[in-house]
Amino acid sequence: MLEPAVVALRLLQYAGAMVLMGSSLFFIYALPSSGDGSAAQSRWTRPLLISAGLVLALAAILGLAAQSSVLAGSVSEGLKVETLKAVVSGMDLGKAAIVRAVAAILAVVCLVAFKPDRRSWTVAAALGAIATASLAWMGHGAATEGALGQLHLASDVLHALAAAFWIGALAAFFGLLAAPPAASAARQTVYRALHGFSGIGSALVAVLVVTGLINSWILVGLDHLSALWTTPYGRLLSLKLILFIAMLGLAAANRFRHTPALGRVLGDNTSSEPALRELRRSVVLETALGVGVLATVAWLGALAPPMAM
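Residues numbered from 1 in each chain as written. Predicted model: local features only at pLDDT ≥ 70, side-chain atom pairs only at ≥ 80, totals over all residues. Heavy atoms only, no water.

A.B. asks: How do you make sense of the pattern of salt bridges when you look at a structure like this?
C.D. replies: If charged atoms from side chains of opposite charge come close, those side chains can pair. According to the stated counting rule, one finds three salt bridges in the structure shown. Residues Glu-77 and Lys-80 are paired through a salt bridge, measuring 2.9 Å at the closest nitrogen-oxygen approach. Glu-77 gets classed as partly exposed once you look at its relative accessible area, which sits at 33%. For Glu-278, the salt bridge identified is with Arg-281, shortest N-O distance 2.9 Å. Of the two residues, Glu-278 and Arg-281 are both situated in helix 11 (residues 273-300); the distance of three residues between them amounts to about one turn of the helix. With relative accessibility at 34%, the residue Glu-278 sits in the partly exposed group. Residue classification places Arg-281 among the partly exposed residues on the basis of a relative accessible area of 43%. (Salt bridge = Lys/Arg side-chain N within 4 Å of Asp/Glu carboxyl O. Buried < 20%, exposed > 50% of the residue type's maximum accessible area, 1.4 Å probe, protein only. Helix = DSSP H or I, 4+ residues; strand = E, 2+ residues; numbered from the N terminus.)

A.B. asks: Sorry if this is basic, but what is going on with the packing of aromatic side chains here?
C.D. replies: Describing an aromatic ring pair means giving the distance of the ring centres and the angle of the ring planes. By the definition in use, this model includes six aromatic pairs. Their ring planes at 70° and their centres at 4.9 Å tell us that Phe-26 and Phe-173 sit as a pair that is edge-to-face. Of this pair, Phe-26 sits in helix 1 (residues 2-29) while Phe-173 sits in helix 7 (residues 146-178), placing them 147 residues apart in sequence. For the pair shown, Phe-26 and Phe-173 are each scored as buried. Put simply, the rings of Phe-26, Tyr-29, Phe-173 and Phe-197 touch in pairs and so form one group of aromatic residues. (Phe/Tyr/Trp six-rings, centres within 6.5 Å; stacked < 30°, edge-to-face > 60°.)

A.B. asks: Explanation requested: a nonpolar patch on the surface in the structure shown.
C.D. replies: Together, Leu-148, Leu-151, Trp-217, Leu-222 and Leu-225 make up an exposed nonpolar region whose accessible area comes to about 510 Å². When its relative accessible area of 69% is taken as the criterion, Leu-222 is described as exposed. (Patch = residues over 30% accessible without salt bridge, like charges linked within 9 Å, V, L, I, M, F, W, Y side chains within 5 Å. Areas by Shrake-Rupley, 256 points an atom, 1.4 Å probe, with all protein chains shown as cover.)

Set out below in C-alpha coordinates:
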(Lines give C-alpha, C1' and ligand atoms only; values in the text may rest on other atoms or scores of the structure.)
Protein backbone atom coordinates (compact mmCIF):
# COMPACT_ATOMS: atom_id res chain seq x y z
CA MET A 1 0.00 0.00 0.00
CA LEU A 2 2.95 2.37 0.51
CA GLU A 3 4.03 2.62 -3.11
CA PRO A 4 0.54 3.56 -4.42
CA ALA A 5 0.40 6.18 -1.67
CA VAL A 6 3.76 7.58 -2.79
CA VAL A 7 2.51 7.82 -6.40
CA ALA A 8 -0.77 9.48 -5.34
CA LEU A 9 1.05 12.00 -3.17
CA ARG A 10 3.47 12.72 -6.02
CA LEU A 11 0.50 13.47 -8.26
CA LEU A 12 -0.93 15.90 -5.70
CA GLN A 13 2.45 17.63 -5.43
CA TYR A 14 2.72 17.97 -9.20
CA ALA A 15 -0.79 19.40 -9.44
CA GLY A 16 -0.45 21.72 -6.45
CA ALA A 17 2.90 23.18 -7.49
CA MET A 18 1.92 23.65 -11.12
CA VAL A 19 -1.39 25.31 -10.36
CA LEU A 20 0.27 27.59 -7.79
CA MET A 21 2.87 28.72 -10.33
CA GLY A 22 0.99 28.56 -13.61
CA SER A 23 -2.31 30.06 -12.48
CA SER A 24 -0.54 32.92 -10.67
CA LEU A 25 1.35 33.76 -13.85
CA PHE A 26 -1.87 33.47 -15.88
CA PHE A 27 -3.49 36.12 -13.67
CA ILE A 28 -0.60 38.44 -14.56
CA TYR A 29 -0.14 37.96 -18.31
CA ALA A 30 -3.65 36.96 -19.45
CA LEU A 31 -6.06 38.98 -17.28
CA PRO A 32 -6.51 42.74 -16.84
CA SER A 33 -4.45 44.32 -14.07
CA SER A 34 -7.54 45.92 -12.54
CA GLY A 35 -11.23 46.46 -13.07
CA ASP A 36 -13.76 44.09 -14.62
CA GLY A 37 -12.33 40.68 -15.43
CA SER A 38 -9.17 41.15 -13.38
CA ALA A 39 -7.96 38.39 -11.09
CA ALA A 40 -8.19 40.78 -8.15
CA GLN A 41 -11.95 41.19 -8.61
CA SER A 42 -12.73 37.54 -9.32
CA ARG A 43 -13.93 35.55 -6.31
CA TRP A 44 -12.39 32.25 -7.38
CA THR A 45 -8.78 33.29 -8.03
CA ARG A 46 -7.39 33.56 -4.51
CA PRO A 47 -9.20 30.40 -3.23
CA LEU A 48 -7.75 28.48 -6.19
CA LEU A 49 -4.17 29.44 -5.30
CA ILE A 50 -4.66 28.97 -1.55
CA SER A 51 -6.12 25.50 -2.16
CA ALA A 52 -3.21 24.61 -4.44
CA GLY A 53 -0.72 25.77 -1.80
CA LEU A 54 -2.40 23.83 0.99
CA VAL A 55 -2.59 20.66 -1.13
CA LEU A 56 1.07 21.03 -2.05
CA ALA A 57 2.23 21.59 1.54
CA LEU A 58 0.24 18.66 2.93
CA ALA A 59 1.18 16.31 0.07
CA ALA A 60 4.87 17.23 0.37
CA ILE A 61 4.93 16.44 4.10
CA LEU A 62 2.92 13.23 3.75
CA GLY A 63 4.93 12.27 0.68
CA LEU A 64 8.14 12.63 2.65
CA ALA A 65 6.74 10.38 5.36
CA ALA A 66 5.53 7.83 2.80
CA GLN A 67 8.86 7.79 0.96
CA SER A 68 10.71 7.41 4.24
CA SER A 69 8.47 4.45 5.11
CA VAL A 70 9.16 2.80 1.75
CA LEU A 71 12.91 3.18 2.26
CA ALA A 72 12.71 1.91 5.85
CA GLY A 73 10.47 -1.02 4.93
CA SER A 74 7.53 -0.14 7.20
CA VAL A 75 5.47 2.83 8.37
CA SER A 76 6.56 2.41 11.98
CA GLU A 77 10.23 2.55 11.04
CA GLY A 78 9.76 5.26 8.44
CA LEU A 79 8.07 7.65 10.86
CA LYS A 80 10.82 7.46 13.44
CA VAL A 81 12.54 10.79 13.98
CA GLU A 82 15.97 9.43 13.17
CA THR A 83 14.74 7.93 9.89
CA LEU A 84 13.04 11.14 8.80
CA LYS A 85 16.12 13.16 9.74
CA ALA A 86 18.31 10.84 7.69
CA VAL A 87 16.06 11.20 4.63
CA VAL A 88 15.91 15.00 4.93
CA SER A 89 19.60 15.53 5.65
CA GLY A 90 21.09 12.79 3.51
CA MET A 91 18.86 12.56 0.42
CA ASP A 92 18.10 15.17 -2.22
CA LEU A 93 14.48 14.06 -2.46
CA GLY A 94 14.03 14.78 1.24
CA LYS A 95 15.54 18.24 0.98
CA ALA A 96 13.41 18.98 -2.09
CA ALA A 97 10.26 17.94 -0.21
CA ILE A 98 11.07 20.40 2.58
CA VAL A 99 11.67 23.14 -0.01
CA ARG A 100 8.26 22.44 -1.58
CA ALA A 101 6.47 22.44 1.77
CA VAL A 102 8.09 25.69 2.90
CA ALA A 103 7.45 27.40 -0.45
CA ALA A 104 3.81 26.31 -0.35
CA ILE A 105 3.29 27.52 3.23
CA LEU A 106 4.91 30.88 2.47
CA ALA A 107 2.69 31.26 -0.59
CA VAL A 108 -0.46 30.53 1.43
CA VAL A 109 0.58 33.02 4.12
CA CYS A 110 1.20 35.67 1.45
CA LEU A 111 -2.14 35.02 -0.25
CA VAL A 112 -4.05 35.15 3.02
CA ALA A 113 -2.24 38.13 4.53
CA PHE A 114 -2.13 40.48 1.55
CA LYS A 115 -4.82 41.76 -0.77
CA PRO A 116 -5.14 40.03 -4.13
CA ASP A 117 -3.17 42.02 -6.65
CA ARG A 118 -0.26 41.61 -9.03
CA ARG A 119 2.30 41.75 -6.23
CA SER A 120 0.74 38.81 -4.40
CA TRP A 121 0.35 36.89 -7.68
CA THR A 122 4.04 37.54 -8.44
CA VAL A 123 5.16 36.27 -5.05
CA ALA A 124 2.91 33.20 -5.38
CA ALA A 125 4.25 32.53 -8.88
CA ALA A 126 7.87 32.78 -7.70
CA LEU A 127 7.28 30.42 -4.78
CA GLY A 128 5.33 28.10 -7.08
CA ALA A 129 8.24 28.11 -9.54
CA ILE A 130 10.62 27.10 -6.75
CA ALA A 131 8.29 24.27 -5.75
CA THR A 132 7.83 23.18 -9.37
CA ALA A 133 11.57 23.16 -10.08
CA SER A 134 12.12 21.03 -6.97
CA LEU A 135 9.86 18.34 -8.46
CA ALA A 136 12.80 17.32 -10.66
CA TRP A 137 14.43 15.80 -7.57
CA MET A 138 11.54 13.33 -7.30
CA GLY A 139 12.32 11.88 -10.71
CA HIS A 140 15.14 9.99 -12.40
CA GLY A 141 17.00 13.16 -13.43
CA ALA A 142 18.46 13.59 -9.96
CA ALA A 143 19.87 10.04 -10.06
CA THR A 144 21.80 10.40 -13.33
CA GLU A 145 25.49 10.97 -12.70
CA GLY A 146 28.17 13.11 -14.33
CA ALA A 147 27.74 15.75 -17.02
CA LEU A 148 24.85 13.79 -18.49
CA GLY A 149 23.19 13.97 -15.09
CA GLN A 150 23.42 17.79 -15.09
CA LEU A 151 21.83 17.91 -18.53
CA HIS A 152 19.11 15.49 -17.43
CA LEU A 153 18.32 17.45 -14.27
CA ALA A 154 18.24 20.78 -16.11
CA SER A 155 15.96 19.25 -18.74
CA ASP A 156 13.63 17.90 -16.03
CA VAL A 157 13.44 21.34 -14.39
CA LEU A 158 12.59 23.06 -17.68
CA HIS A 159 10.07 20.35 -18.52
CA ALA A 160 8.32 20.83 -15.17
CA LEU A 161 8.27 24.63 -15.47
CA ALA A 162 6.83 24.52 -19.00
CA ALA A 163 4.21 22.00 -17.89
CA ALA A 164 3.28 24.30 -14.98
CA PHE A 165 2.54 27.16 -17.39
CA TRP A 166 0.13 24.89 -19.28
CA ILE A 167 -1.52 23.11 -16.33
CA GLY A 168 -1.90 26.35 -14.39
CA ALA A 169 -3.48 28.05 -17.40
CA LEU A 170 -5.97 25.19 -17.77
CA ALA A 171 -6.96 25.53 -14.12
CA ALA A 172 -7.45 29.28 -14.61
CA PHE A 173 -9.46 28.77 -17.81
CA PHE A 174 -11.61 26.30 -15.91
CA GLY A 175 -12.31 28.99 -13.29
CA LEU A 176 -13.07 31.61 -15.94
CA LEU A 177 -15.45 29.37 -17.84
CA ALA A 178 -17.17 28.10 -14.69
CA ALA A 179 -18.08 31.65 -13.67
CA PRO A 180 -21.45 32.98 -14.90
CA PRO A 181 -20.73 34.50 -18.33
CA ALA A 182 -23.74 36.81 -18.35
CA ALA A 183 -21.83 40.08 -18.53
CA SER A 184 -20.25 41.14 -21.80
CA ALA A 185 -17.04 42.01 -19.91
CA ALA A 186 -16.77 38.43 -18.66
CA ARG A 187 -17.04 37.03 -22.17
CA GLN A 188 -14.48 39.52 -23.44
CA THR A 189 -12.15 38.51 -20.61
CA VAL A 190 -12.33 34.86 -21.68
CA TYR A 191 -11.60 35.83 -25.29
CA ARG A 192 -8.63 38.06 -24.38
CA ALA A 193 -7.25 35.38 -22.06
CA LEU A 194 -7.37 32.80 -24.83
CA HIS A 195 -5.44 35.14 -27.09
CA GLY A 196 -2.99 35.96 -24.31
CA PHE A 197 -2.15 32.30 -23.84
CA SER A 198 -2.02 31.28 -27.51
CA GLY A 199 1.41 32.73 -28.25
CA ILE A 200 2.89 31.39 -25.02
CA GLY A 201 1.35 27.99 -25.71
CA SER A 202 3.41 27.47 -28.86
CA ALA A 203 6.65 28.17 -26.99
CA LEU A 204 5.60 25.82 -24.19
CA VAL A 205 4.98 22.98 -26.62
CA ALA A 206 8.43 23.48 -28.13
CA VAL A 207 10.10 23.35 -24.70
CA LEU A 208 8.09 20.28 -23.67
CA VAL A 209 8.94 18.42 -26.87
CA VAL A 210 12.68 19.21 -26.75
CA THR A 211 13.09 18.41 -23.06
CA GLY A 212 10.92 15.32 -23.43
CA LEU A 213 13.16 14.04 -26.21
CA ILE A 214 16.26 14.68 -24.08
CA ASN A 215 14.78 12.80 -21.14
CA SER A 216 13.65 9.90 -23.33
CA TRP A 217 17.08 9.67 -24.99
CA ILE A 218 18.75 9.44 -21.56
CA LEU A 219 16.25 7.05 -19.93
CA VAL A 220 15.30 4.89 -22.92
CA GLY A 221 17.91 5.42 -25.61
CA LEU A 222 17.87 4.43 -29.26
CA ASP A 223 19.09 0.93 -28.39
CA HIS A 224 16.07 0.28 -26.17
CA LEU A 225 13.20 1.54 -28.32
CA SER A 226 11.52 -1.87 -28.15
CA ALA A 227 11.21 -1.28 -24.40
CA LEU A 228 8.47 1.25 -25.16
CA TRP A 229 6.04 -1.67 -25.53
CA THR A 230 7.83 -4.50 -23.69
CA THR A 231 8.45 -2.97 -20.24
CA PRO A 232 6.10 -1.37 -17.69
CA TYR A 233 8.08 1.88 -17.88
CA GLY A 234 7.97 1.92 -21.67
CA ARG A 235 4.25 1.19 -21.89
CA LEU A 236 3.48 3.91 -19.34
CA LEU A 237 5.73 6.37 -21.20
CA SER A 238 3.90 5.50 -24.43
CA LEU A 239 0.59 6.20 -22.69
CA LYS A 240 1.92 9.57 -21.55
CA LEU A 241 2.88 10.44 -25.13
CA ILE A 242 -0.59 9.50 -26.37
CA LEU A 243 -2.24 11.68 -23.72
CA PHE A 244 0.12 14.55 -24.55
CA ILE A 245 -0.67 14.31 -28.27
CA ALA A 246 -4.38 14.35 -27.44
CA MET A 247 -3.82 17.50 -25.35
CA LEU A 248 -2.06 19.09 -28.32
CA GLY A 249 -5.05 18.29 -30.51
CA LEU A 250 -7.48 19.93 -28.09
CA ALA A 251 -5.19 22.93 -27.60
CA ALA A 252 -5.04 23.37 -31.39
CA ALA A 253 -8.84 23.17 -31.58
CA ASN A 254 -9.12 25.83 -28.88
CA ARG A 255 -6.73 28.14 -30.69
CA PHE A 256 -7.84 27.71 -34.29
CA ARG A 257 -11.52 26.81 -33.91
CA HIS A 258 -13.13 27.70 -30.58
CA THR A 259 -11.35 31.03 -29.98
CA PRO A 260 -12.14 32.45 -33.47
CA ALA A 261 -15.74 31.23 -33.09
CA LEU A 262 -16.09 33.09 -29.80
CA GLY A 263 -14.53 36.21 -31.35
CA ARG A 264 -17.04 36.13 -34.22
CA VAL A 265 -20.12 35.95 -32.01
CA LEU A 266 -18.78 38.69 -29.74
CA GLY A 267 -18.21 40.89 -32.77
CA ASP A 268 -21.70 40.19 -34.12
CA ASN A 269 -23.33 40.74 -30.71
CA THR A 270 -25.08 37.36 -31.05
CA SER A 271 -25.46 34.71 -28.36
CA SER A 272 -22.07 33.48 -27.19
CA GLU A 273 -23.40 30.59 -25.11
CA PRO A 274 -23.00 27.89 -27.83
CA ALA A 275 -19.38 28.93 -28.42
CA LEU A 276 -18.70 29.05 -24.67
CA ARG A 277 -20.30 25.62 -24.24
CA GLU A 278 -17.97 24.10 -26.83
CA LEU A 279 -15.02 25.84 -25.22
CA ARG A 280 -15.95 24.56 -21.76
CA ARG A 281 -16.20 21.01 -23.06
CA SER A 282 -12.81 21.26 -24.74
CA VAL A 283 -11.11 22.75 -21.64
CA VAL A 284 -12.62 20.08 -19.37
CA LEU A 285 -11.33 17.32 -21.65
CA GLU A 286 -7.90 18.96 -21.95
CA THR A 287 -7.71 19.34 -18.16
CA ALA A 288 -8.65 15.69 -17.67
CA LEU A 289 -5.91 14.66 -20.09
CA GLY A 290 -3.47 16.92 -18.25
CA VAL A 291 -4.29 15.17 -14.97
CA GLY A 292 -3.71 11.88 -16.76
CA VAL A 293 -0.29 13.04 -17.94
CA LEU A 294 0.66 14.10 -14.40
CA ALA A 295 -0.52 10.74 -13.06
CA THR A 296 1.68 8.85 -15.54
CA VAL A 297 4.67 11.06 -14.61
CA ALA A 298 4.08 10.39 -10.92
CA TRP A 299 3.97 6.65 -11.63
CA LEU A 300 7.00 6.70 -13.95
CA GLY A 301 9.10 8.07 -11.12
CA ALA A 302 8.51 4.82 -9.21
CA LEU A 303 9.56 2.53 -12.09
CA ALA A 304 13.01 1.59 -13.35
CA PRO A 305 13.71 3.02 -16.84
CA PRO A 306 15.07 0.75 -19.60
CA MET A 307 18.58 2.24 -19.37
CA ALA A 308 18.77 1.16 -15.73
CA MET A 309 17.93 -2.48 -16.48
